[in-house]
Number of protein chains: 2
Amino acid sequence: MCMNRIVQALHVLYLLVLIPGHASSQEHPSLTITKEGVVNIQRELGELPLFDVSLEQVKVQVDAEISSGIDVPIPKDYSGGYTHERHKLNYLTMQKAGLLYQVLDDEKYAIYVRDMLMQYADMYPTLSLHPKERSYARGKLFWQCLNDANWLVYTSQAYDCIYEWLSKKQRQDLEINLFRPFADFLSTGNPKFFNRIHNHSTWGNAAVGMIGLVMDDDELVQKALYGLPDDNIEPNAKDNDGGFIKTENGKSGFLANLDEPFSPDGYYTEGPYYQRYAMYPFLIFAQSLHNARPELGIFEFKDSVLLKSVNTLLQLTDKNGDFFALNDAQKGMSYQTSSLVTAVDLSYYYGGKDTSLLHIAEQQGKVILSDAGMEVAKGVNQNTSRPFKRKSMQFSDGANGKQGGLSVLRSKDESLTLVFKYTAQGLSHGHYDKLSYSLYEQGNEVVQDYGMVRYVNIEQKGGGNYLKENNTWAKQTIAHNTLVKDETSHFQGTYEIGSKYHSNLYFFDASNSKVQIISAVESNAYTDTQMHRTMAMIEEETYGKPFVFDILRVNSQKPAKYDLPLHYLGQPIQFGFDYQATATLEPLGTANGYQHIFLEGKGQFRKKSNATFSWMHQNHFYTLTTIVSQNEQFLLGRLGANDPQYNLRRDPVIIHRKEKTKDALFVSIMEPHGSYSPVTEMAKNAKSNIEHIEIIYNNKDYIGVQIKGKNWLDKIFILANTENDKSKKHRLTINGKLYEWVGPYTYQNKK
Amino acid sequence: MCMNRIVQALHVLYLLVLIPGHASSQEHPSLTITKEGVVNIQRELGELPLFDVSLEQVKVQVDAEISSGIDVPIPKDYSGGYTHERHKLNYLTMQKAGLLYQVLDDEKYAIYVRDMLMQYADMYPTLSLHPKERSYARGKLFWQCLNDANWLVYTSQAYDCIYEWLSKKQRQDLEINLFRPFADFLSTGNPKFFNRIHNHSTWGNAAVGMIGLVMDDDELVQKALYGLPDDNIEPNAKDNDGGFIKTENGKSGFLANLDEPFSPDGYYTEGPYYQRYAMYPFLIFAQSLHNARPELGIFEFKDSVLLKSVNTLLQLTDKNGDFFALNDAQKGMSYQTSSLVTAVDLSYYYGGKDTSLLHIAEQQGKVILSDAGMEVAKGVNQNTSRPFKRKSMQFSDGANGKQGGLSVLRSKDESLTLVFKYTAQGLSHGHYDKLSYSLYEQGNEVVQDYGMVRYVNIEQKGGGNYLKENNTWAKQTIAHNTLVKDETSHFQGTYEIGSKYHSNLYFFDASNSKVQIISAVESNAYTDTQMHRTMAMIEEETYGKPFVFDILRVNSQKPAKYDLPLHYLGQPIQFGFDYQATATLEPLGTANGYQHIFLEGKGQFRKKSNATFSWMHQNHFYTLTTIVSQNEQFLLGRLGANDPQYNLRRDPVIIHRKEKTKDALFVSIMEPHGSYSPVTEMAKNAKSNIEHIEIIYNNKDYIGVQIKGKNWLDKIFILANTENDKSKKHRLTINGKLYEWVGPYTYQNKK
């Protein structure tokens, strides 16, 4: 506290000396809205329905808050609790009120912001750290600095909007008692929070930088952009999620945060759920820099990665606009979230006016109150929007794009979507699931990624924070649709190890809409073990819907037990194999996620054959057809063991197990085929089209699989295991027949 | 077969003699569409979008069938199988093609119907009984007569439409080889099917009656209306569902079927799912009779019960238009089903043009191709539709309205709906669940009725028929939200006993929108045991949503074990009591449905207190607050034990158990309170408003419960146990304070 007082006193001096000189040099507002923008907006009011509706919505919210009065309570609660939610509502409302003051030129909004800021300025100097002690970086208004940074990012905008309306004395009061100490607390006061490559720091950097821009305080802006020069953080320090604080190259600050976690393709290494969260400070600070420090050329940084990342994020959505659940992610988060309204509007405005973004804006039904929002509203009003098209795409991971990646395969009409993951670890929010996938039909998950075990902002569930089952289940490999060796997770489920490695793309080819294919290799998840997985979305016209063909090849030095889970969602319809249902349910294992699965039944195969399993989900039918051999098993499981608090959903899983095997080959077809209507009570194509699959060739160089199905389908799929050159010619004789093709695979009629 | 041939030969004679005389006396078409109607329709073509769209839809379907060619396969499969689905598609298409011929005057449709009918006429005389043997009344085209009757109901209409276009010779061929033997097979050939009070017979009656009307064969029409005079059915014969074939009064035929199962309020005793199925033959035959035998006054029969029942059926839907799951019912069936399009259109046309039905028609998006459909389209076109309003209502059960009933309580905006059942058994589709309820919010089930265990028309699941778990689980009392005594079902789960009894209404009062209430008594479900349940939907304005207050009073001669299950849907959020989670899951019992529940945990109460349980479903929060006493238990259960085929969903249940108790009082509040958005990640009112409930008075005459909650709520609810007179004055002193009120209950501030 004593040190804090001295620092505070120095700031008083600093502000008194510096502010007068700068106050006139900087125009306000200049962050998310400009003087010129305000004039343009006022001219168009009443002309652009989407903008007018958005303005009216904001006005209704803010007017309601104004009439219910200001409350700035002493901080006390975790998220979900009153003081947390109140301070959150306060910063959201102040930011809106600031914009309303500018756009509507109605002083009551400026008064509201001022009065609330004054209450914060009165309280802030009296606060010590927040009483809740769980965070590695406790805040003052909130239990973690992250939320304090949220507060400042929004409040800076509010302050910017009423800056010129305030008296110099009022500004001095606010800056001395509130903003400057607030910015210092978040930066020099919390280097572990501020000086790292992480979405937390992005918020911290943006907060400090934005208030720095408003106050025209270049020292803060420099810290925000380039980090603290000296932070004294121990090299192995970790945060609450178990992630490292320091990165190897030691860079920090906003530009480093922009450089590091985004790949050149605009993929954010933590995954779309956190990208959507990080997007807001990235874009809002970038916009502020664009306006106030145009010379930085922030939107052009790293080949315009920021604007590119908006498109990437939109591509990482299902047909409903929900983000794919990858790594830690709460399901249901979608491009309807407010940070995506900002992202879409800014991307449209600063990124070349891609008219398909207008289509998203129409669905969002609102725009931000700024020059960018107005341009979007104008575009929509002029009917220039064209459909936003989701495509089959490949996204590299890693700052240089060389740390694996993520692929999305989509059927022509976007009805079927396969998401395949071969990324790097994804920082502290990463899960241990190399070469895993999930499958969507019409915006419904069919084969799921569990997501995270956290009920965000539902206080009754552990304060709305990550629950321990996030580590014991959601992050574990068995919770995903990928291979588990000897009941242990990839990289032993250890962040230190996982962070060192990434999978590698073998090849990706979506150029042929009939056979779209992704293939990747993982060599480090288990010691002396190589996993090579190839997934193809194959369209056979007479089958109505495409099917997914899956080859997973494992090579190990020693015999092991392999489990390949299928986390299907829905109601089992038919089992094409014998199994014994379990009368009493016991956990399948004791650790690494297995302790959470109840074993419901077990099928043991006596000879080489095909095992099939059909289920129904959201009135659609699906069938898995898998090649099984003697002594292999199918385990029927259900989540919920060792979960006394019901933190987990009771979702089903079916696990294909091969024991005492060195090299293994998992080959299967996942097939959506038909639908049911509870209104007409008609079942269409309720049965699988696939009749038989068989491995007819398998050595270190090639795998050949025969696929037989309805309508006289008799095809062969051959994969070259070690040669991914797309122009390479192959010749291979199988059962006396010569097959010739070019590139790493062929799918053709069987000879 | 020999007998059949003789009968057939006699018919040839009969037809040769009778047809010439009648052919000219009867105009065609005259069933669902009339000559005059056709003229009117043709005049309006192109003018009424809803009609034109409907016509176009039908045309597209029929044209596609015509171009893919006629197939009349030899019957072989159960429902879901090819021949079943093909014959079904055939009759649906013929009926449509017949109407298209009339409306569009395009001969290709008549040709299509004729050619298909000729193929049926060729095949029919060669058929013996359908090879699948499961039905108590096997059909010829289908595995059960019921489906054969469906065929004839539809095909009669097709024949009616092309009757005059056919040559006399063609008509004779069809009638001698197909229609007459078909009608005889369904009637005299299958008295157990034809001559009972059951939806099967309704279809049979309509089928025989309608073809009788087309052929102007009064003998068939008489059989259809009044049944077979002599059927030789043994008094105790049963059908596949375990229902009795014969009723006590021995009446049969269409009019008896219309009289018996419908109460004067238009409630159909089997429940809405089967009512919607039965509706079609009821209405389509009624319409045919209205046109061809106007002197019968069929729509005025029993105080216009048929038209009244359409309104009742529409009231028995949730906010999405899905029918409440009562007795055997497949969820998801809604007023979008085609029989409801017919019902709504006919009800509008013949029932006084209630413009709120136009609102439903708009949502259905189509009308039937007839005079009635055209009038609906006209009404919609003239914008006269007004919202269809669902109300709190009470429906009596039983032909005379004196066999208990069903009540629906709804909040003002229809957002919360309570369905409370105190009906008679509901024939063979009835479940053993007196005084049970289900709760809906915004069209989502929150506290569910399981529905039936049947995957209709999904062949892989037992041929699409009832599965054995329908008896072992769905019909059992423990599968419902009502009291189970000593782990046995009401009436010992025995149809013979259950059919004799019904519950009795104590009182219903929805006149006060703040306190809507239903109370009923059941005295026969268990020997020497009386159950009296009262449920109130109470609106406290500051609470945002109403809550449901529930008092269940049991009086028994001997001590017993009482279980009151809550079949909630969703994710548990918080348990307000201590419990022990079970490490290994075992079935809760061995019979009466208990064998299907896995015990997941158990809470034992040590003293009198309130137990609470909160959960989240479809992003809404709910809390149960229950009064518990020493030694009572809460059992946490999950469906799925002894279900090796996964015929059951893995749904959760929580059971309040009182052991060794003679007279018991279950008092609880079920409270919807708040919502969650995965997009904003905000939880609103995530916690219960109820703070404490306590029984402060309890004797044979009165029960008094204190309800304390947020915002200083302190109320008392007093129920008079034996005096349901609404004008009766009561005076009662509780804890020294005098309460005075009029009627069977009071809800007022505590003194």
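Calculation rules
Residues numbered from 1 in each chain as written. Chains lettered and ligands numbered in written order. Predicted model: local features only at pLDDT ≥ 70, side-chain atom pairs only at ≥ 80, totals over all residues. Heavy atoms only, no water. Helix = DSSP H or I, 4+ residues; strand = E, 2+ residues; numbered from the N terminus. Rg over C-alpha atoms; globule rule 2.2 N^0.38 Å. Buried < 20%, exposed > 50% of the residue type's maximum accessible area, 1.4 Å probe, protein only. Contact = heavy atoms within 4.5 Å. Areas by Shrake-Rupley, 256 points an atom, 1.4 Å probe, with all protein chains shown as cover. Domains from an automatic or database assignment. Buried area = accessible area lost by both parts, 1.4 Å probe. Salt bridge = Lys/Arg side-chain N within 4 Å of Asp/Glu carboxyl O. Polar contact = N/O pair within 3.5 Å; in protein donor to acceptor, adjacent residues only side chain to side chain. pLDDT = per-residue confidence, 0-100. Pairing = 2+ DSSP bridges. Axes fitted to C-alpha atoms, helices over the stretch in contact; angles between N-to-C directions. Parallel < 35°, antiparallel > 145°, perpendicular 65-115°, else oblique. Left-handed = near helix turned anticlockwise from the far one by under 90°. Nonpolar A, V, L, I, M, F, W, Y, C, P; charged D, E, K, R; others polar. Least-squares fit on C-alpha atoms with pLDDT ≥ 70 in both. 1 Å grid on protein atoms, 1.4 Å probe; cavity = no way out; pocket = protein on both sides within 12 Å on 5 of 7 lines; lining within 4 Å. Points joined across faces, edges and corners; volume = space filled by probe spheres on them. Phe/Tyr/Trp six-rings, centres within 6.5 Å; stacked < 30°, edge-to-face > 60°. Lys NZ or Arg CZ within 6 Å of the ring centre and 35° of its normal.

Details of the overall build of chain A
When you go through chain A residue by residue, the secondary structure sums to 18 helices and 26 strands. For 751 residues, the compact-globule formula gives about 27 Å, and the C-alpha radius of gyration of chain A, at 28 Å, lands near that figure. Taken along the three principal axes of its C-alpha coordinates, chain A extends 90 × 55 × 50 Å. Taken across its 751 residues, chain A has 63% of its residues classed as buried. Counted over contacts in chain A with a minimum sequence separation of 6, partners at least 24 positions apart contribute 67%. Surface accessibility of chain A: about 26,500 Å² in total, with carbon and sulfur atoms responsible for 48%.

Remarks on the domain arrangement of chain A
Residue and element names in this part refer to chain A. Domain boundaries in chain A define domain 1 (1-30 + 70-231), domain 2 (263-390) and domain 3 (393-688). Of note, the centres of domain 2 and domain 3, computed from C-alpha atoms alone, are 30 Å apart. Domain 2 puts 27 residues into the contact, and the matching count from domain 3 is 43 residues. Interface of domain 2 and domain 3: buried area, both sides summed, is about 2,900 Å²; carbon and sulfur atoms make up 50% of it. Between Arg 390 and Glu 414 there is a salt bridge; the shortest N-O distance is 3.2 Å. Where domain 2 touches domain 3, the interface holds 22 residue pairs in polar contact (both at pLDDT 80 or more).

Side note on the confidence of the model for chain A
Confidence in the prediction of chain A, expressed as mean pLDDT, is 94, and 95% of residues score 70 or more. The model gives residues 7-24 of chain A a pLDDT under 50, and that stretch makes 17 contacts with residues more than four places away or in other chains.

As for the sheet that holds strand E2 (residues 405-410) of chain B
Residue and element names in this part refer to chain B. Taken in spatial order, the 5 strands line up as E1-E2-E3-E4-E5 in an open sheet, and their pairing is antiparallel. Of all strands in the sheet, those with a lone pairing partner are strand E1 (393-396) and strand E5 (444-447), marking the two edges. Looking at each pair of strands side by side, their axes are set apart by 20 degrees on average, direction ignored. Pairing analysis gives 4 bridges linking E1 to E2, with the strands arranged antiparallel. By the bridge assignment, Ser 396 is partnered in E2 with Gly 405.

Observations regarding the packing of helix H9 (residues 199-215) of chain A against helix H12 (residues 272-292) of chain A
Residues and elements named next belong to chain A. At their nearest, the axes of H9 and H12 sit 9 Å apart, and the two run at 25 degrees to each other. Between H9 and H12, the angle falls in the class roughly parallel. Where H9 crosses over H12, the two elements pack in a sense that is left-handed. On H12, the residues that touch Asn 199, Thr 202, Trp 203, Asn 205, Ala 206, Gly 209, Met 210 and Leu 213 of H9 are Tyr 274, Tyr 277, Ala 278, Tyr 280, Pro 281, Phe 282, Ile 284, Phe 285, Ser 288, Leu 289 and Ala 292. Considered class by class, the residues forming the contact of H9 with H12 number 14 nonpolar, 5 polar and no charged.

Some remarks on the pairing of E2(B)
Residues and elements named next belong to chain B. Burial within E2 is extensive, with 6 of its 6 residues counted as buried. Because side chains alternate across E2, one face comprises the buried residues Gly 405, Ser 407 and Leu 409, and the other comprises Leu 406, Val 408 and Arg 410, equally buried. For E2 and strand E3 (residues 416-422), the ladder comprises 6 bridges, and the chain directions are antiparallel. Residue pairing across strands places Val 408 opposite Val 419, the latter belonging to E3. Where E2 folds back on E3, the antiparallel hairpin that results is connected by 5 residues, among which Glu 414 adopts a positive phi of roughly 65 degrees.

Considering the side chain of Gln633(A)
All names here are of chain A. With respect to the helices and strands, Gln 633 occurs in strand E17 (residues 633-639). A distance of 2.9 Å separates a polar atom in the side chain of Gln 633 from a polar atom in the side chain of Gln 604. The residues touching Gln 633, leaving out its near neighbours within four places in the chain, are Lys 602, Gly 603, Gln 604, Phe 605, Ile 655, His 656, Arg 657 and Glu 659.

Focus on the environment of Gly704(B)
Residues and elements named next belong to chain B. Examined against the element boundaries, Gly 704 turns out to sit in strand E22 (residues 702-709). Taking the C-alpha atoms as reference, Gly 704 lies 9.8 Å from Leu 732; in sequence the two are 28 residues apart. With residues up to four places along the chain from it excluded, the contact list for Gly 704 reads Glu 694, Ile 695, Ile 696, Tyr 697, Phe 717 and Ile 718.

So, the side chain of Ser556(A)
Looking at the element boundaries, Ser556(A) is found in strand E10 (residues 547-556). Discounting residues that sit within four places of it in the chain, Ser556(A) has contacts with Lys485(A), Asp528(A), Thr529(A), Tyr562(A), Lys662(A) and Asp663(A).

Things to note about unusual backbone geometry
Look at the link from His28(A) to Pro29(A): it is a cis peptide, with omega at -5 degrees. Counting through the fold element by element, Pro29(A) comes out in the loop between helix H1 (2-23) and helix H2 (35-44). The phi angle at Trp712(A) is positive, at roughly 60 degrees, despite the residue not being glycine. Following the sequence through the fold, Trp712(A) ends up in the loop between strand E22 (702-709) and strand E23 (713-720). Using a relative accessible area of 81% as the deciding quantity, one classes Trp712(A) as exposed. A positive phi angle is found at Asp528(B), which is not glycine, with a value near 55 degrees.

Topic: the sheet that holds strand E11 (residues 560-566) of chain A
By way of backbone hydrogen bonds, the strands of a sheet pair with one another, either parallel or antiparallel. Residue and element names in this part refer to chain A. Spatial ordering of the open sheet is given by E6-E11-E18-E17-E14-E13, a layout of 6 strands whose pairing is antiparallel. Two strands bound the open sheet, and with one partner strand each, they are strand E6 (484-485) and strand E13 (580-581). Across 6 bridges, the pairing between E17 and strand E18 (residues 652-661) is antiparallel. Bridge assignment links Leu 636 to a residue of E18, and that residue is Ile 654.

So, the relation of the copies chain A and chain B
Note on the identical chains: chain A maps onto chain B by a rotation of 180 degrees and an axial translation of 0.0 Å, with an RMSD of 0.1 Å. Both chain copies can therefore be described as sitting about a two-fold axis. Scanning chain A for the C-alpha nearest the rotation axis identifies Leu585(A), at a separation of 2.4 Å.

With respect to the pattern of salt bridges
Taken as a whole, this structure holds 82 salt bridges over all chains when the rule is applied. Two residues, Arg180(A) and Asp217(A), come together in a salt bridge whose shortest N-O distance is 2.1 Å. Of this pair, Arg180(A) sits in helix H7 (residues 168-186) while Asp217(A) sits in the loop between H9 and helix H10 (218-226), placing them 37 residues apart in sequence. Here Asp217(A) falls in the buried class, since its relative accessible area comes to 3%. Glu219(B) serves as the salt-bridge partner of Arg180(B), at 3.5 Å between the closest nitrogen and oxygen. Of this pair, Arg180(B) sits in helix H7 (residues 168-186) while Glu219(B) sits in helix H10 (residues 218-226), placing them 39 residues apart in sequence. On the basis of relative accessibility, which here comes to 2%, the residue Arg180(B) falls in the buried class. Using a relative accessible area of 36% as the deciding quantity, one classes Glu219(B) as partly exposed.

A look at the interface of chain A and chain B
With 52 residues of chain A at the contact, the number on the chain B side is 52 residues. Carbon and sulfur atoms make up 55% of the surface buried where chain A meets chain B, a total of about 4,200 Å² over both sides. Counting across the chain A and chain B interface gives 4 salt bridges. Listing elements by their share of the side of chain A that touches chain B, those giving two or more residues are helix H4 (82-104), H12, strand E12 (571-575), strand E14 (597-604), E17 and strand E20 (682-684) of chain A.

Some words on empty space enclosed by the protein
If you roll a probe as big as a water molecule over the atoms, it shows you where there is empty space left. This structure, assessed with the given rule, holds 6 cavities of 30 Å³ or more. Volume-wise, the largest cavity comes out at about 170 Å³. As for the largest cavity, its lining consists of 17 residues, and the residues nearest its centre are Leu564(B), Leu566(B), Leu624(B), Thr626(B) and Ser668(B). Taken together, the residues of the lining of the largest cavity sort by class into 12 nonpolar, 3 polar and 2 charged. The space that makes up the second largest cavity amounts to roughly 140 Å³. Where the lining of the second largest cavity is concerned, the elements lending two or more residues are E11, strand E16 (620-628), E18 and strand E19 (664-677) of chain A. A per-class count over the lining of the second largest cavity returns 10 nonpolar, 3 polar and 2 charged.

Re the packing of aromatic side chains
When we look at a pair of aromatic rings, we describe it by the centre distance and by the angle of the planes. Counting across every chain of the model gives 86 aromatic pairs over all chains. Relative to Tyr268(A), the ring of Phe262(A) lies with its centre 5.1 Å away and its plane at 55 degrees, an arrangement referred to as tilted. Classification of Tyr268(A) by relative accessible area gives buried; the value is 1%. Seen from their ring centres, Phe575(A) and Tyr579(A) are 4.6 Å apart, and the 55 degrees between their planes marks the pair as tilted. Looking at Phe575(A), the relative accessible area reads 13%, which means it is buried. For Tyr579(A), a relative accessible area of 17% gives the class buried. Among the aromatic residues, those joined into a ring-pair cluster are Tyr568(A), Phe575(A), Phe577(A), Tyr579(A), Phe605(A), Phe613(A), Trp615(A), Tyr622(A), Phe634(A) and Tyr646(B). Over the aromatic face of Tyr78(A) sits the side chain of Arg134(A), whose NZ or CZ is 4.0 Å from the ring centroid. Over the ring of Tyr450(B) we find Arg649(B); its NZ or CZ atom is 4.0 Å from the centre of that ring.

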